[in-house]
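Descriptive analysis of the structure
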Amino acid sequence: MADKKTLTFALMDAPYENARSTTALRLINIAAKRGYDINVFAYEGAVFLPFAGQQAHPNPVHGHDAEQEDHPLPREWVEAVIKEAAKNGGKVDWVNCGLCVDERGAGDAVEGVRRGTPGDFWNMAESSDNTLVIPTK
Amino acid sequence: MKALNIIETAYRGTLEEQDDTIVWLTHALKGAGADLDVLLRANAVNYAVKAQKVAPLSFGDRQQKHGPDIANDIAGLIAKGVGVYIVKDDLAERGISDDELIDGLSPVSRDGLAKLLDGYDHVWHW
């Protein structure tokens, strides 16, 4: 791919708190569809985005069982963009900030997520065409 | 005991939760026997707009079956006997007309808020 890009995203928000993490994953999904190489540095609450312990639940207010509700699980979205990038000739290197993981007990992540440090974020940015920081507010 | 939930922050996490967490909480509390109402103010007045529609999200091969339907969730509160007040001034500032809204709302002006709030034992501003 002649115009293949390498993009780095720094994410900071925990799942289920706002739309920023959803927007970030939508952008990552577009990059994955284009076969780009994608780096993600998940910092602070964002380390819970790929947390393997997320479970769908029924919603009695909606009158739905778990299957009908189809509750969004960001861990599945992370897995989906990793697969999508690979399918299109790219890759996702998802790094969870190790200390952020430790202080939250968020070590159980889906496959394809690795533990790292802020130094990984620096190296990712240096090797990328551009870096998008999506901070918490 | 009678309580009023004031919802001001709108669309916070609704894509992932598939509903507004305070609208959901109000449903749950009502179901548990609570006597409470809701006041929609600021950007949350948009929760009562009928025409809003959210397409299901998709990431790679993962497709959600449906998105949030907050106007319907508000209508469901009204059907359960929860009073849903909405600040008229906030609607006007956003150019939202009455015919765009779901049925059963109780419009209130900002001038009338102090009197409204005085009718509750608890006022919870989310």
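Residues numbered from 1 in each chain as written. Chains lettered and ligands numbered in written order. Predicted model: local features only at pLDDT ≥ 70, side-chain atom pairs only at ≥ 80, totals over all residues.

**Brief notes about the overall build of chain A**
The criterion, for reference: Runs of E in the DSSP output that reach at least two residues are strands. Runs of H or I that reach at least four are helices, and both are numbered from the N terminus. When we talk radius of gyration, it's over C-alpha atoms, and the globule rule is simply 2.2 Å times the number of residues to the 0.38. Counts of 20 or more other C-beta atoms within 10 Å of a residue's own C-beta define buried residues, counts of 12 or fewer define exposed ones, and intermediate counts define partly exposed ones; C-beta atoms are placed from the backbone. Residue pairs qualify as contacts under a 7 Å threshold applied to their C-beta atoms, which are placed from the backbone.
The helix and strand inventory of chain A stands at 5 helices and 5 strands. Going from N to C terminus, chain A has its helices and strands arranged as β-α-β-α-α-β-α-β-α-β. Radius of gyration (C-alpha) of chain A: 15 Å, near the 14 Å computed for a compact globule of 137 residues. Here the C-alpha coordinates of chain A stretch approximately 50 × 35 × 25 Å along the principal axes. A buried classification covers 43% of the 137 residues belonging to chain A. Long-range contacts, defined as pairs at least 24 residues apart, comprise 72% of the intrachain contacts of chain A with a sequence gap of at least 6.

**Some remarks on the overall build of chain B**
In terms of helices and strands, chain B carries 5 helices and 7 strands. Its C-alpha atoms give chain B a radius of gyration of 15 Å, within 12% of the compact-globule value 14 Å for 126 residues. Each of the 126 residues in chain B was classed as buried or not, and the buried ones make up 29%. Taking the contacts inside chain B whose residues are at least 6 apart along the sequence as the reference set, 69% of them involve residues at least 24 apart.

**Observations concerning the sheet that holds strand β6 (residues 106-108) of chain B**
Residues and elements named next belong to chain B. The condition is simple: Two strands pair under a simple rule: DSSP has to find at least two bridges between them. Throughout, an axis means a line fitted to C-alpha atoms (over the contacting stretch in the case of helices), and angles, computed between N-to-C directions, take values from 0 to 180 degrees.
Spatial strand order, β6-β5-β2-β1-β7: 5 strands in an open sheet with parallel pairing. Each edge of the sheet is formed by a strand with only one pairing partner; in this case those strands are β6 and β7 (122-125). This sheet shows a mean twist of 25 degrees between the axes of neighbouring strands, independent of strand direction. As paired strands, strand β5 (residues 84-87) and β6 are joined by 3 bridges and run parallel to one another.

**Focus: the pairing of strand β2 (residues 37-42) of chain A**
Residue and element names in this part refer to chain A. Counted residue by residue, β2 has 6 buried out of 6 residues, so it is predominantly covered. Residue alternation in β2 divides its side chains into two sets, Asp-37, Asn-39 and Phe-41 and Ile-38, Val-40 and Ala-42, and both sets are buried. Inspection of the sheet shows strand β1 (residues 6-11) paired to β2 by 6 bridges, in the parallel sense. In the strand pairing of β2, Ala-10 is matched with Phe-41.

**Digging into the interface of chain B and chain A**
Quick reminder of the rule: Polarity classes work like this: nonpolar for Ala, Val, Leu, Ile, Met, Phe, Trp, Tyr, Cys and Pro, charged for Asp, Glu, Lys and Arg, and polar for all others, with Gly in that last group.
Each side of the interface is counted separately: chain B has 18 residues, and chain A has 20 residues. Elements with a minimum of two residues in the side of chain B that touches chain A: α1 (14-17) and α2 (21-31) of chain B. Split by residue class, the side of chain B that touches chain A holds 6 nonpolar, 6 polar and 6 charged.

**Remarks on unusual backbone geometry**
Residues and elements named next belong to chain A. The phi dihedral of Tyr-16 is positive, around 70 degrees, even though this residue is not glycine. Note that Tyr-16 resides in the loop between β1 and α1 (20-33). Classification of Tyr-16 by C-beta neighbours within 10 Å gives buried; the count is 21. Its identity as a non-glycine residue notwithstanding, Asp-70 has a phi of 50 degrees, on the positive side. Note that Asp-70 resides in the loop between α2 (66-69) and α3 (74-87). When the 16 C-beta atoms within 10 Å are taken as the criterion, Asp-70 is described as partly exposed.

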